[in-house]
Protein chains: 2
Amino acid sequence: MTGSTRSDFRISTLRQACTHCSLNQLCLPMSLSEADIEQLDAIVERRKPLDRGGHLYRAGDSFRAIYAVRSGSLKTYTTADNGEEQVTGFHLPGELVGLDAINSWVHPCGASALETTSVCELPFEELENLAADIPGLQRQLFRLMSREIFADQEMLFAMARRSAEERLAMLLLSFSDRFGRRGLSPSRFRLPMARTELGNYLGLAPETMSRLFRRFQEQGWLEADGREINLLDVPTLRELSGRGGEEAAGGQCHPVPE
Amino acid sequence: MTGSTRSDFRISTLRQACTHCSLNQLCLPMSLSEADIEQLDAIVERRKPLDRGGHLYRAGDSFRAIYAVRSGSLKTYTTADNGEEQVTGFHLPGELVGLDAINSWVHPCGASALETTSVCELPFEELENLAADIPGLQRQLFRLMSREIFADQEMLFAMARRSAEERLAMLLLSFSDRFGRRGLSPSRFRLPMARTELGNYLGLAPETMSRLFRRFQEQGWLEADGREINLLDVPTLRELSGRGGEEAAGGQCHPVPE
DNA sequence: CGACATTTTGACGGTCTTCAAGACAGGTGG
DNA sequence: CCACCTGTCTTGAAGACCGTCAAAATGTCG
């Protein structure tokens, strides 16, 4: 009885195909034909979920594959000589991690789970071969990498020229967009990471984060109860973030015109 | 007489082939066969040199091609709503620009020449087609994009966690590496951009840059006469930059093992 | 030479960090 | 059920670092 249930559970998770995945418009298969998606499916490996804090890979690990987040969330981070850590990105379902390792075949950043998280593993050598055969896939890969470059540059701009307030506004809107894109509420959501980690990502001390959240609440821009966020005044936040109608940085989610 | 000379000049510049280009180990052709390089050669368009301040493309221009710097140098930059400018990168011979536009087919940043600069134009649609046929080219493109992602993340780290001093040390070492890689002196070089632009890139005010350079000279770490730089104490700079033996960020130059 | 941009210098102030302490939450074991 | 503990968050006070402002000096190019 129990054995049967467990077995069913594992089969149903492990055999989830790209075709039926609700994220396939965010992830690689976008704009591929059914037949192409099946080819892609054949090389995708599903792994058992990671527990909170578990590592998908560590900095220095040799590179084998890139990963698409299926559920849960990840952070990627580097560690400096002196041991201080810098979060380089948060990754939600439908987003890819590991693209920064293609050049050197070694992961320059570690990736760990912020909560229970499952990913699809895309062995890179096979993905490359497939990309040479399927023009749409090659193009999609170029695009996703380009998008990441663009997002990193936006983030760079933010770090160089924007105040703490503006940076937090940007980040909140980035999450808002990314949740919205998955059909979740763009105004009410639960952040999967601690304030400390948000602050680390934004280059701000935890104390500053605390004060910022208080100020944002006093201004009536949002309600925050721990990790539970409720955005009340998106227009003001958008104005603060400095880039009116444009996409917020900090993630891999941007519109994809053809 | 004059007509003949001018004509010769133009032919010799315009017909310079990748095979004979001294930069081909920095740029795309790396590790391609002679035959493959010839195919690449066929799609490369050489343009007439840009004058200082001239634009290769502007933010908002539609994307047609990526470009490899052949001689001279470029900066890429974004402009915010309020008009303030942020330099997103400096690009020396052998480096590519325009990769951030692949995703949206619109250039999110402008690119302008810091001095008289010539580039090779690589029409992207044709490059994509060629990449599907030549596995080595596809791989090289993935690599170069990955390298850029990595470099941007390093830069992000610097902006988030490093002091003005540390950032300047990083940048100087980045230029040192990049000049060195081209066979020039890694300790004596002429920066192609103004202090103001360096500062803009690093997220620092011009006044701060001035004070930094003075402090660095007082410490005996370098000599600077305008844009002419002479690094005197690379080990100390390297220690300051926080990443001992590793690559400095801020550019597209990293070792490429196979 | 003369107009203009870039760089330098000094004084001052704001933003964010750091340090130190206390509040709160979630989980564990008695 | 409560005491305990650890990690996270909050709050306050002090100070560092860098930005801003203003003005002079230097450099650059027509």
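On a predicted model such as this, the values are computed, not experimentally measured, just so you know. (Residues numbered from 1 in each chain as written. Chains lettered and ligands numbered in written order. Predicted model: local features only at pLDDT ≥ 70, side-chain atom pairs only at ≥ 80, totals over all residues. Heavy atoms only, no water.)

Here we take up the nonpolar core. If you look at the biggest cluster of nonpolar residues, it comprises 68 residues, and the most contacted ones within it are Phe175(A), Leu198(A), Phe216(A), Phe175(B), Leu198(B) and Phe216(B). Excluding residues that lie within four positions of it along the chain, Phe175(B) makes contacts with Phe90(B), Leu92(B), Phe189(B), Leu191(B), Met193(B) and Leu198(B). (Core = buried A, V, L, I, M, F, W, Y, C linked by side-chain atoms within 4.5 Å. Buried < 20%, exposed > 50% of the residue type's maximum accessible area, 1.4 Å probe, protein only. Contact = heavy atoms within 4.5 Å.)

Turning to the interface of chain B and chain A, a few remarks are in order. Taken residue by residue, the interface counts 51 residues in chain B and 51 residues in chain A. For the pair chain B and chain A, the summed buried surface comes to about 4,700 Å²; carbon and sulfur atoms form 54% of the total. Inspection of the chain B/chain A interface yields six salt bridges. Put simply, Glu128(A) and Arg139(B) hold a salt bridge, and the shortest N to O gap is 2.6 Å. Across the chain B-chain A interface, the total number found is 16 residue pairs in polar contact (both at pLDDT 80 or more). Counting residues per element, the ones that place at least two in the side of chain B that touches chain A are β4 (74-79), β5 (85-91), α3 (124-133) and α4 (135-161) of chain B. No other element matches the 19 residues that α4(B) contributes to the side of chain B that touches chain A. Counted by class, the side of chain B that touches chain A contains 23 nonpolar, 14 polar and 14 charged residues. (Buried area = accessible area lost by both parts, 1.4 Å probe. Salt bridge = Lys/Arg side-chain N within 4 Å of Asp/Glu carboxyl O. Polar contact = N/O pair within 3.5 Å; in protein donor to acceptor, adjacent residues only side chain to side chain. Helix = DSSP H or I, 4+ residues; strand = E, 2+ residues; numbered from the N terminus. Nonpolar A, V, L, I, M, F, W, Y, C, P; charged D, E, K, R; others polar.)

Glancing now at the protein's contact with DNA strand C. By nearness alone, 15 residues border DNA strand C, and Ala164(A), Thr208(A), Arg195(B), Thr196(B) and Arg214(B) come closest of all. A share of 59% is what sugar and phosphate atoms reach among the atoms of DNA strand C within 4 Å of the protein. One nitrogen or oxygen atom from the side chain of Thr196(B) is found 2.7 Å from a phosphate oxygen belonging to DNA strand C. Sorting the residues of the surface near DNA strand C by element identifies α7 (206-218) of chain A together with α6 (195-202) and α7 (206-218) of chain B as the ones contributing at least two each. Here the surface near DNA strand C takes four residues from α7(B), the largest share from any one element. (Near = heavy atom within 4 Å.)

Here the focus is the confidence of the model for chain A. Looking at chain A as a whole, the pLDDT averages 87, with 88% of positions reaching at least 70. Taken as a whole, residues 245-258 of chain A scores under 50 in pLDDT and shows 51 contacts with residues more than four places along the chain or in a different chain. (pLDDT = per-residue confidence, 0-100.)

What follows is about the side chain of Asn200(B). Topologically, Asn200(B) is positioned in helix α6. Setting aside chain neighbours within four positions, we find Asn200(B) in contact with Arg161(A), Glu85(B), Gln86(B) and Val87(B).

Moving on: the protein's contact with DNA strand D. Taken together, 15 residues lie near DNA strand D, and Arg195(A), Thr196(A), Arg214(A), Ala164(B) and Thr208(B) sit nearest. Here DNA strand D approaches the protein such that, of its atoms within 4 Å, sugar and phosphate make up 60%. With respect to DNA strand D, the backbone of Arg195(A) contributes an N or O atom lying 3.0 Å from a phosphate oxygen. One nitrogen or oxygen atom from the side chain of Ser210(A) is found 3.1 Å from a phosphate oxygen belonging to DNA strand D. Those elements that provide at least two residues to the surface near DNA strand D are α6 (195-202) and α7 of chain A together with α7 of chain B. At four residues, the largest contribution of residues to the surface near DNA strand D is made by α7(A). Taken together, the residues that form the surface near DNA strand D break down as four nonpolar, five polar and six charged.

Pairing between the strands of a sheet is mediated by backbone hydrogen bonds and can be parallel or antiparallel. Residues and elements named next belong to chain B. Read from one edge to the other, the open sheet built from three strands follows the order β9-β11-β10, with strand pairing classed as antiparallel. Looking at the sheet topology across the chains shown, the edges are occupied by β9 (188-190) and β10 (222-225). Neighbour-to-neighbour, the strand axes of the sheet open up by a mean angle of 15°, direction not taken into account. Alignment of β9 against strand β11 (residues 228-231), held across three bridges, turns out to be antiparallel. The partner of phenylalanine 189 across the bridge, within β11, is isoleucine 229. (Pairing = 2+ DSSP bridges. Axes fitted to C-alpha atoms, helices over the stretch in contact; angles between N-to-C directions.)

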